[in-house]
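# Inside the fold
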Protein chains: 2
Amino acid sequence: MASFGPIDIDPASPAYGTFTSTPKPGWAGARFHDVLGQFGVPIAVDTDVNGAALGEWLKGAGQGCTTLAYTTVGTGIGTGVVRMGKPLMGFSHYESGHIRPPRDHAADPFEGSCPYHGDCLEGLAAGPAIIARWGQSLSELGSPSDKIELIADYIAHLAANLVLLHMPDRLIFGGGVMKAPGLLQAVRRLTEVKLGGYVRAPQLDPGLEQFIVAPALGDHAGITGAIELGRMAAGQ
Amino acid sequence: MASFGPIDIDPASPAYGTFTSTPKPGWAGARFHDVLGQFGVPIAVDTDVNGAALGEWLKGAGQGCTTLAYTTVGTGIGTGVVRMGKPLMGFSHYESGHIRPPRDHAADPFEGSCPYHGDCLEGLAAGPAIIARWGQSLSELGSPSDKIELIADYIAHLAANLVLLHMPDRLIFGGGVMKAPGLLQAVRRLTEVKLGGYVRAPQLDPGLEQFIVAPALGDHAGITGAIELGRMAAGQ
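Computed from a predicted model, the values in this text were never measured in an experiment.

All names here are of chain A. Using the criterion set out here, one finds 16 salt bridges over all chains in the structure. Note that Arg231 and Glu228 form a salt bridge whose closest N and O atoms lie 3.6 Å from each other. Taken as a pair, Arg231 and Glu228 lie in helix 7 (residues 221-233) at a separation of three residues, close to a single helical turn. Ionic contacts of the salt-bridge type, sharing partners, join the residues Arg100, Arg103, Asp108, Asp119 and Arg133 into one network.

Listed below in structure tokens is the structure:
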């Protein structure tokens, strides 16, 4: 399973596979093992973004990377980091969408839509925040350059933070919001500006066209990773 | 060696042990192996903060942690993350000090002292930034509560980001700046506020007194880790 979260993804935990806290009705406390256990096969549970990161690392735009970060910008924002073929975690999966970026309140007076943090990245740049601010998605609005620039600035802040705290060989950005024309290009440009030339490495090509990319597997990244998680659980 | 950086710490790199770019005269391009090679023993090179993280994990305040983050706030700001006894890295060591925090320019008009980014964490909250802003260290100033609060807010932003992107079992904060009376306590309080109750786990105790701590080995954390790096290099 490569699932939405928050969910316990620690195989050593008694609650492995259990949704912890979620506003989705009926899901809090539900456990994949309770339903899938009847099949009598090994069960692996990780997050959707860890699954997508693993899928892209194995068969997509992350092939050949030692460290790969996959971020989705859609109904929420989340990042999975795969290192040497394994998703990284600490006591839980990462929650990159809840980082608070620097912001210019004059340029963007929107207060943010995250029920926990207000103006964290998810509260400012995920799909629901864009709809709450402008009534339509970036694509529906025709991807006007000023709005693309604003959203790209927030996403570029996340990209820079991922570099500074994980130093991945490549950043993949997928999810519905990223389909807006021009957004990925703006994220590349603004990430390079934010890094300010401090981190020098062959991975960071001028213009970041090789470093920041779209998923190669499109919407199949997650399921590809989930299959691999199953293979790993089965010891294959 | 647990050394200052930036330095190549990838054992698979031809430049392993070489300083990449540093304003310190004479150090750029210098390589530990050129000097230590004459002793004919295995050489391990990592960053000072990765060494300190390893030392605290082994013998100090990080004992028992699966994932541990050690941050120094001194002449610079940097973080080492140890997971299951090994320092984490990507294509290079992490550079947490160069994250840009949200800020209130009215409350803190200081433009920041980082030559690359201006108002990144290091440019706002490291020792030289404090001296540049107020002429003295926090301790010399008598640790006035408004100044402690301002610097703690920046450091708490780093603490929250470390939680969101590494989910460590514990955060250790060392370095000269952290010796200012009241600073660690303010960092705990403001980190809890910033996280906003979103991440729920036994590791995050109410008040964060167990979660955010000072180094138990004091100034011996780094050398303790360096000895362990040597042991690991020698296969012991």
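Moving on from the coordinates now.
Turning our attention to the interface of chain B and chain A. Contacts between the two partners involve 37 residues from chain B, matched on the other side by 37 residues from chain A. Both faces considered, chain B and chain A share a buried interface measuring about 3500 Å² in area, 66% of it formed by carbon and sulfur atoms. The largest per-residue losses of area from chain B upon contact with chain A belong to Phe91, Leu165 and Tyr198 of chain B, which jointly make up 26% of the total buried on that side. Taken together, the links from chain B to chain A amount to 14 residue pairs in polar contact (both at pLDDT 80 or more). Elements with a minimum of two residues in the side of chain B that touches chain A: helix 5 (145-166) and helix 6 (183-195) of chain B. Ranked by residues supplied to the side of chain B that touches chain A, first place goes to helix 5 of chain B with six residues. Looking at side-chain class alone, the side of chain B that touches chain A contains 18 nonpolar, 13 polar and six charged residues.

On to the relation of the copies chain B and chain A. The two copies are related by a screw motion: chain B maps onto chain A through a turn of 180° and a shift of 0.0 Å along the axis, at an RMSD of 0.0 Å. Both copies of the chain, as the preceding transformation shows, are related through a two-fold rotation axis. Scanning chain B for the C-alpha nearest the rotation axis identifies Pro102 of chain B, at a separation of 1.9 Å. Comparing interface residues between copies, 100% of those in chain B also sit at the interface in chain A, which points to an isologous, same-surface contact.

Residues and elements named next belong to chain A. For helix 5 (residues 145-166), with 22 residues, the first-to-last C-alpha span of 30 Å sits near the 32 Å given by 1.5 Å per residue. Taken across its 22 residues, helix 5 has 17 buried, putting it largely inside the fold. Looking at the residues trailing helix 5, positive phi occurs at Met167, about 45°.

With that settled, the discussion passes to the side chain of His157 of chain A. For His157 of chain A, the position within the fold is in helix 5. Excluding its chain neighbours within four sequence positions, the residues that come into contact with His157 of chain A are Ile99, Arg100, Pro101, Pro102 and Lys194 of chain A together with Arg100 of chain B.

Time to look at the packing of aromatic side chains. What the rule picks out here adds up to ten aromatic pairs over all chains. Arranged with centres 5.2 Å apart and planes meeting at 85°, the rings of Phe4 of chain A and Trp27 of chain A form a pair that is edge-to-face. Of the two residues, Phe4 of chain A sits in the loop between strand 1 (2-3) and helix 1 (32-36) while Trp27 of chain A sits in the loop between strand 1 and helix 1, which places them 23 residues apart along the sequence. Accessibility expressed as a relative area gives 35% for Trp27 of chain A, which makes it partly exposed. Measuring from ring centre to ring centre gives 4.8 Å for Tyr116 of chain A and Tyr198 of chain B, while their planes differ by 70°; the resulting arrangement is edge-to-face. One end of the pair, Tyr116 of chain A, is in the loop between strand 5 (86-87) and helix 3 (121-125); the other, Tyr198 of chain B, is in the loop between helix 6 and strand 7 (212-213), on a second chain. A connected cluster of aromatic rings, assembled from ring pairs, spans Phe4, Phe19, Trp27 and Phe32 of chain A. Seen from the ring of Trp134 of chain A, Arg133 of chain A lies directly overhead, with NZ or CZ sitting 4.9 Å from the centre.

Cut-offs and rules
- Residues numbered from 1 in each chain as written.
- Chains lettered and ligands numbered in written order.
- Predicted model: local features only at pLDDT ≥ 70, side-chain atom pairs only at ≥ 80, totals over all residues.
- Heavy atoms only, no water.
- Salt bridge = Lys/Arg side-chain N within 4 Å of Asp/Glu carboxyl O.
- Helix = DSSP H or I, 4+ residues; strand = E, 2+ residues; numbered from the N terminus.
- Contact = heavy atoms within 4.5 Å.
- Buried area = accessible area lost by both parts, 1.4 Å probe.
- Polar contact = N/O pair within 3.5 Å; in protein donor to acceptor, adjacent residues only side chain to side chain.
- Nonpolar A, V, L, I, M, F, W, Y, C, P; charged D, E, K, R; others polar.
- Least-squares fit on C-alpha atoms with pLDDT ≥ 70 in both.
- Expected span 1.5 Å × (residues − 1).
- Buried < 20%, exposed > 50% of the residue type's maximum accessible area, 1.4 Å probe, protein only.
- Phe/Tyr/Trp six-rings, centres within 6.5 Å; stacked < 30°, edge-to-face > 60°.
- Lys NZ or Arg CZ within 6 Å of the ring centre and 35° of its normal.

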